Amino acid sequence: MPPAGAQPRKPNAPSAANKEANEYIPSFISKKPFYIGDDDDQNDYLEHQRLQKAQSDQSKWYDRGKKLGPAATKFRKGACENCGAMTHKTKECLSRPRAKGAKWTGRDIQADEVVQDVSLGWDAKRDRWNGYDPKEYKAVIDEYTELEELKKKAVTTKEDEEDEGEDGAKYAEESDMGRQQSTATRQLRIREDTAKYLLNLDLDSAKYDPKTRSMVDSGATADTAAALVAEEGFMRASGDAAEFEKAQKYAWESQEKAGNTKLHLQANPTSGEYYRKKEKEEAEAKRQAHKKMLLEKYGGEVNQDAAKLRDAAIIESEKYIEYDESGAIKGAPKRVAKSKYPENVLINNHTSVWGSWWANFKWGYGCCHSTIKNSFCTGEEGKRAFEEADRLRTGGVLGEGEPVKEIEWPSKETVEKASEDISKTLMAKKRTMEEMKGGVSEEDMDAWKKQRVGLHDPMVKFLGKDELLE
């Protein structure tokens, strides 16, 4: 018990290391008895009442890019062939691939990385901010601070410009010599204009609607008031009003571009008209010079290619054209596709092309019924020969009622006589030994060439005939 009059002593505040301590739990429960070993932690049913260790692993994370001391000076067996570190293999290397790795050159061997075995709890694994460095957020704060300063400077500059503009507008309004007008003055009508409701005070005439700025009651729009309202815009743009507007616009643009305040329509109209006319003449002279240069460069005044280019240009048209699925115009005649091979080429005296005739699963010429592509044309005789051959092949001869001719076999004497004649002819054609040694004479060669007949020659059947062809 504390002495009388003394303040009771407050218990010590829990330290940061033992912040989870509960002062209402007795010490014989919060502290584990000595007879309970460390192996019995799983069977300790009062584990939730014990003093818990400070969870320092909550913020533990990997040291990215940290190296283990100095690098090796010689390549070690089992190290990365690219950079020479022992903590990873060649496929896992994040360094730039070298033309010749550290295994072969032995140069620039990198130090080993720190390999950590970080064992995290359930909460630490799912903490999205685990391993985040709060110092990195300072860059974001600095960026936003810089943007705010720039916004403040822009607002200050704009306010200064508005103040200067208001002073200039006030001076322009006072002098009535500037282009700038205040907002209130700009919305007002021209003082020379007459109010619409004062044009006609007749109650039966057309009425002016100030909301739509137009004349209403279409049945009574033929009076003087309606005509004045309709022609008001036209009257302003007719006569010298258009030239006046151009002169005023030129004076304003000159003041804005060059800052020349001498060109003022009301203060100095003669100077403004002179410079405007001079500038117009200079622009026309420049345009004529450019046109002359183009004519000298590209030819005479009449351009022959202008009409072609104008026709080839794509212009807008209201003509309705409908296309089909293939992109062609519906109803238009279809174009026959041209082949890349030559067409309608006649060869070897044929009067029709190859493939113009088909028979017996073969292509041929329609002029002579020949199924050989490189053959010469035989005309009507070829057709008759083909028909005869086809008739013999299909047995058409048997169907005709002609009597079968008997075959007359030659007699024995005739056969012996023919064999003797053949032997004599062969003996006459044989050359002697002297002729074979001496070779063939020129006379014999010429005679052989004259007697030889070319089977592929189309003029064979006309040899020895003096008849003219029709």
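Residues numbered from 1 in each chain as written. Predicted model: local features only at pLDDT ≥ 70, side-chain atom pairs only at ≥ 80, totals over all residues. Heavy atoms only, no water.

Q: Could you give an account of the overall build of the chain, with specific residues and numbers?
A: Within the chain one finds 14 helices and 4 strands. Taking as baseline every contact in the chain between residues at least 6 positions apart, the subset at least 24 positions apart corresponds to 37%. (Helix = DSSP H or I, 4+ residues; strand = E, 2+ residues; numbered from the N terminus. Contact = heavy atoms within 4.5 Å.)

Q: Help me get a handle on the pairing of strand β3 (residues 354-359), residues and values and all.
A: Where β3 and strand β4 (residues 362-365) come together, 4 bridges link them in antiparallel fashion. Residue W354 lies in a different strand from β4, and its bridge partner there is Y365. Hairpin remark: β3 followed by β4, antiparallel, with 2 residues in the connecting loop; positive phi at N360, about 55°. (Pairing = 2+ DSSP bridges.)

Q: How would you explain the environment of W363 if you had to name every residue and give the values?
A: Its location among the elements puts W363 in strand β4. For the pair W363 and K373, spaced 10 residues apart in sequence, the C-alpha to C-alpha distance is 8.7 Å. Setting aside residues up to four positions removed in sequence, W363 forms contacts with W354, G355, W357, W358, S370 and T371.

Q: Outline the side chain of S254, listing residues and values.
A: Position of S254 relative to the elements: it lies in helix α7 (residues 241-258). What makes S254 buried here is its relative accessible area of 13%. (Buried < 20%, exposed > 50% of the residue type's maximum accessible area, 1.4 Å probe, protein only.)

Q: Before we move on, could you go through the state of the cysteines and cite the residues and values that matter?
A: The tally for this structure, following the rule as stated, stands at 0 disulfides. The structure places no disulfide on C368, whose sulfur is separated from the nearest cysteine sulfur, that of C367, by 4.1 Å. Overall, C368 belongs to the buried group, its relative accessible area being 2%. (Disulfide = S-S within 2.5 Å.)

Q: Explain helix α8 (residues 269-298) to me, and be specific about the residues and the numbers.
A: In a regular helix each residue adds 1.5 Å, so 30 residues correspond to 44 Å; α8 covers 44 Å between its end C-alpha atoms and thus fits that length. Those residues of α8 that sit buried are S271, G272 and R276. Against the buried residues of α8 lie α7. Looking one or two residues beyond α8, the residue adopting positive phi is G299, at roughly 120°. (Expected span 1.5 Å × (residues − 1).)

Q: Outline the side chain of S375, supporting the account with residue identities and numerical values.
A: By the secondary structure assignment, S375 is in the loop between β4 and α10 (379-394). For S375, a relative accessible area of 15% puts it in the buried group. Reaching out from S375, the side chain makes a polar contact with the side chain of S370 at a distance of 2.8 Å. Filtering out sequence-adjacent residues up to four positions away, S375 remains in contact with N348, H350, Y365 and S370. (Polar contact = N/O pair within 3.5 Å; in protein donor to acceptor, adjacent residues only side chain to side chain.)

Q: Can you lay out the packing of aromatic side chains for me, pointing to particular residues and giving the numbers?
A: Under the criterion given, the structure shown has 6 aromatic pairs. An angle of 70° between the planes, with centres 5.3 Å apart, marks the rings of Y274 and Y275 as edge-to-face. Overall, the relative accessible area of 40% leaves Y275 in the partly exposed class. Measuring from centroid to centroid gives 6.1 Å for W358 and F361, while their planes differ by 80°, and the two rings are edge-to-face. An aromatic cluster of three or more residues is present, and its members are W358, F361 and W363. (Phe/Tyr/Trp six-rings, centres within 6.5 Å; stacked < 30°, edge-to-face > 60°.)

Q: How would you summarise the pattern of salt bridges if you had to cite specific residues and measurements?
A: Under the counting rule described, the total for this entry stands at 12 salt bridges. For R98, the salt bridge identified is with D108, shortest N-O distance 3.7 Å. Of the two residues, R98 sits in the loop between α1 (27-30) and α2 (102-105) while D108 sits in the loop between α2 and α3 (122-125), which places them 10 residues apart along the sequence. A salt bridge links E380 to K383; the nearest nitrogen and oxygen atoms lie 3.8 Å apart. Taken together, the residues span about one helical turn, with E380 and K383 both in helix α10 at a distance of 3 residues. Overlapping salt bridges, with partners in common, bring together E243, E273 and R276 in one network. (Salt bridge = Lys/Arg side-chain N within 4 Å of Asp/Glu carboxyl O.)

Q: Let's hear about unusual backbone geometry: which residues, and what values?
A: In the Ramachandran plot, N348 falls in the positive-phi region, its phi being about 55° despite a non-glycine side chain. As for its position among the elements, N348 is in the loop between α9 (304-312) and β3. Assessed through its relative accessible area of 26%, N348 is described here as partly exposed. Positive phi outside glycine occurs at N360, with the angle close to 55°. Secondary-structure assignment places N360 in the loop between β3 and β4.

Q: So what about the packing of α7 against α8? Which residues, and what values?
A: In the contact formed by α7 and α8, the axes pass within 10 Å of each other and the chain directions differ by 90°. Regarding the angle of α7 to α8, the classification is roughly perpendicular. Between α7, through E243, K246, A247 and Y250, and α8, the contact on the second element is made entirely by G272, Y275, R276 and E279. Of the residues belonging to the contact of α7 with α8, the class tally is 3 nonpolar, 1 polar and 4 charged. (Axes fitted to C-alpha atoms, helices over the stretch in contact; angles between N-to-C directions. Parallel < 35°, antiparallel > 145°, perpendicular 65-115°, else oblique. Nonpolar A, V, L, I, M, F, W, Y, C, P; charged D, E, K, R; others polar.)

Q: Could you give me a rundown of a nonpolar patch on the surface, with the residues and numbers involved?
A: A surface patch of nonpolar side chains, about 830 Å² in accessible area, is lined by W129, Y132, Y137, V140, I141, Y144, L147 and L150. The topology assignment puts Y144 in helix α4 (residues 137-175). (Patch = residues over 30% accessible without salt bridge, like charges linked within 9 Å, V, L, I, M, F, W, Y side chains within 5 Å. Areas by Shrake-Rupley, 256 points an atom, 1.4 Å probe, with all protein chains shown as cover.)

Q: Quick one: what's the story with the confidence of the model for the chain, residue by residue and with numbers?
A: Residue-level pLDDT values for the chain average 76, and 66% of them are 70 or greater. A low-confidence stretch, residues 174-178 stays under pLDDT 50, and its non-local contacts, those more than four residues away or across chains, total 5 contacts. (pLDDT = per-residue confidence, 0-100.)

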